[in-house]
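Listed here are the chains, written in short residue letters.
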Amino acid sequence: MSRTRTVVIDEIHLNLRIPNDLPDDEAEKIRELLAGEEFMSRLRRAVRDVVHRAPELKAVRVSLTR
């Protein structure tokens, strides 16, 4: 059985920063939102949308992990 193989051609890292003096309760709300599946799903959709808008990237497979 033949499997299609892929190679990583690039990695893009996303850093999300908050002010260091942000109150703990606000920082925790942000952490909870970022850890949620809804946020990751929306982020995946946004990335796929951007990639799909470039015809040159039609062969690219995108994965988003934490």
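That block above? That's the structure.
Overview of the structure.

Reading guide: rules and limits
- Residues numbered from 1 in each chain as written.
- Predicted model: local features only at pLDDT ≥ 70, side-chain atom pairs only at ≥ 80, totals over all residues.
- Heavy atoms only, no water.
- Helix = DSSP H or I, 4+ residues; strand = E, 2+ residues; numbered from the N terminus.
- Buried < 20%, exposed > 50% of the residue type's maximum accessible area, 1.4 Å probe, protein only.
- Areas by Shrake-Rupley, 256 points an atom, 1.4 Å probe, with all protein chains shown as cover.
- Lys, Arg positive; Asp, Glu negative; His and termini not counted.
- Charge placed at Lys NZ, Arg CZ, Asp CG, Glu CD.

Here's the deal with the overall build of the protein
A tally of regular secondary structure across the protein gives two helices and zero strands. By its C-alpha atoms, the protein is 55 × 30 × 20 Å across when sized along the principal axes. A buried classification covers 6% of the 66 residues belonging to the protein. Of the roughly 6,900 Å² of accessible surface on the protein, 52% is carried by carbon and sulfur atoms. Seen as two clouds, the 13 positive and the 12 negative side-chain charges of the protein have centres 12 Å apart.

Examining the environment of Ile 9
Relative to the elements of secondary structure, Ile 9 occurs in the segment before helix 1 (24–35). What makes Ile 9 exposed here is its relative accessible area of 80%.

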